[in-house]
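# Tertiary structure, described
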Amino acid sequence: MRTKSLWEHTLTFFPQFLAALQARPCPDATVAVIGASDGKFVLPLAAAGYRVIAVERDPIALHGGEVRLPGGAISHALGLTDRLKLEGLDDRVQVVERDFLDAAPLDTLCDAVWTSCSWHYSANHHRPLADFVARMQLMVRTDGLFGAEFMMPVEQGHHLIEHYTSPEKLSSCFTGVWDVLLTLRTGEFAERAHVGQLHDHTHRMGLLLAARTPR
Ligand SMILES: C[S@@+](CC[C@H](N)C(=O)[O-])C[C@H]1O[C@@H](n2cnc3c(N)ncnc32)[C@H](O)[C@@H]1O
C-alpha cells in the first residue's frame, strides 16, 4: 500500500482470519469489517479482490483530520475514504458511517464478518456485549465466517466490564448453528504508544473464528 494506517504496527490475528477466509473459496465474496477505522484491514481485503462493507462511527477515521501522535505532536491523518481513492480501491468498498449498534440491517448477507478490537470501546458499554456479537452473527450467511479479535482484561477495572472478554466466555455465544473453528490468545504484551493511547501500555488479546453451519 502507498498509504499507511495509523494502526499499521499494532499486533493482530488478521492473518489467521484471512487464511480461514481464503480456505473457503467464494468468488467475489463480501466481507464486512465492523469498526473499520482508517482501513488497516479493509484495504488489504479489497486489494485481495473481496468486496468490503466498512462500518465505522468515527468521522476522523473515515474522512481524516487532526490526530495527536505519541510525543504530543498534532498531525493530519488520512481517513479511510481518501486512502481508498488513493489506492484505487473505492469501487470495491461500501462505507457505512454509522454506529454499528444502531445501523440498519444489511439487505444481503455477507460471506464473512471481521472486527478488530472495537467492542471494548466505552461507546459500546451501554449495551450488552452479546448485542454486538449477535448483530455481527446476523450478517453472516450459511457457511460464512465470523472473526473477531478483542481485548482481554489486563487492568483491575477491565474485569468489571464484560466487553473485555476471553475466548472461553465468547464461545458461549457460538452454540446452535455455529461451529467454533479456532480460538487463540496472547499473554500480556507491551505495545508502543499509538494514536488513542499515547503512552506505552500492556494488552492481552484473544481471537475467535467461527463458521455458520446449515443445521
Ligand atoms: C482499535 S480501532 C481499530 C484498530 C484496528 N487495528 C483497525 O484498524 O481495524 C477500533 C475502531 O472501532 C470503531 N468502533 C468501535 N465501536 C464501534 C461501533 N459501535 N460502531 C462503529 N465503529 C465502532 C472505533 O471508532 C475505532 O475506529
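Residues numbered from 1 in each chain as written. Predicted model: local features only at pLDDT ≥ 70, side-chain atom pairs only at ≥ 80, totals over all residues.

## What about the overall build of the chain?
When helices and strands are tallied, the chain shows six helices and eleven strands. For 215 residues, the compact-globule formula gives about 17 Å, and the C-alpha radius of gyration of the chain, at 17 Å, lands near that figure. C-alpha extents for the chain along the principal axes are approximately 55 × 45 × 30 Å. Split into buried and exposed, the 215 residues of the chain put 33% on the buried side. Partitioning the intrachain contacts of the chain with sequence separation of at least 6 by distance along the chain shows that 69% fall at a separation of at least 24. (Helix = DSSP H or I, 4+ residues; strand = E, 2+ residues; numbered from the N terminus. Rg over C-alpha atoms; globule rule 2.2 N^0.38 Å. Buried ≥ 20, exposed ≤ 12 C-beta atoms within 10 Å, placed from the backbone. Contact = placed C-beta atoms within 7 Å.)

## Re the site of the ligand
As a structural note, the neighbourhood of the ligand is formed by 21 residues, with Gly 35, Ser 37, Lys 40, Phe 100 and Ser 118 the closest of them. Considered class by class, the residues forming the shell around the ligand number nine nonpolar, seven polar and five charged. (Near = placed C-beta within 6 Å. Nonpolar A, V, L, I, M, F, W, Y, C, P; charged D, E, K, R; others polar.)

## Some points on helix α5 (residues 129–138)
For α5, the set of buried residues is Leu 129, Phe 132, Val 133 and Met 136. Buried positions in α5, seen along its axis, are confined to an arc of 95 degrees and lie on one side of it. The exposed set on the far side of α5, more than 90 degrees from its buried face, consists of Ala 134 and Leu 138. Elements in contact with the buried residues of α5: β1 (30–34), β6 (110–116) and β7 (140–151). (Arc of directions from axis to C-beta.)

## Details of the pairing of β6
When you tally the buried positions in β6, you get seven out of seven residues, the bulk of the element. Note that β6 and β7 share six bridges and pair parallel. Bridging from a neighbouring strand, Trp 114 pairs with Gly 147 of β7. This β-α-β element, β6 to α5 to β7, shows right-handed connectivity. (Pairing = 2+ DSSP bridges. Right-handed = clockwise from strand over helix to strand, strands pointing away.)

## Focus on unusual backbone geometry
Most of the time, phi is negative for any residue but glycine, and the peptide bond is trans. Even without glycine at this site, Ser 37 takes up a positive phi of about 50 degrees. The class for Ser 37 is buried, based on 24 C-beta atoms found within 10 Å. A positive phi angle is found at Asp 143, which is not glycine, with a value near 75 degrees. Of note, Asp 143 is situated in strand β7. Classification of Asp 143 by C-beta neighbours within 10 Å gives exposed; the count is 12.

## A closer look at the sheet that holds strand β8 (residues 178–185)
In spatial order, the strands read β5-β2-β1-β6-β7-β11-β8; together these seven strands make up an open sheet with mixed pairing. The two strands at the open ends of the sheet, each matched to only one other strand, are β5 (93–97) and β8. Neighbour-to-neighbour, the strand axes of the sheet open up by a mean angle of 15 degrees, direction not taken into account. Contacting β1, β6 and β7, α5 crosses the sheet at an angle of about 145 degrees to β7. (Axes fitted to C-alpha atoms, helices over the stretch in contact; angles between N-to-C directions.)

## Here's the deal with the pairing of β1
Counted residue by residue, β1 has five buried out of five residues, so it is predominantly covered. Burial along β1 is two-sided: the face carrying Thr 30, Ala 32 and Ile 34 and the face carrying Val 31 and Val 33 are both buried. One ladder, built from five bridges, connects β1 with strand β2 (residues 51–56); its direction is parallel. In the sheet register, Ile 34 faces β2, and the bridge partner there is Val 55. Read from β1 through helix α2 (residues 42–47) to β2, the crossover connection turns out right-handed. Of the strand pairs in this sheet, β1 and β6 are connected by four bridges, and their pairing is parallel. Within β6, the position partnered with Val 33 by the bridge is Trp 114.

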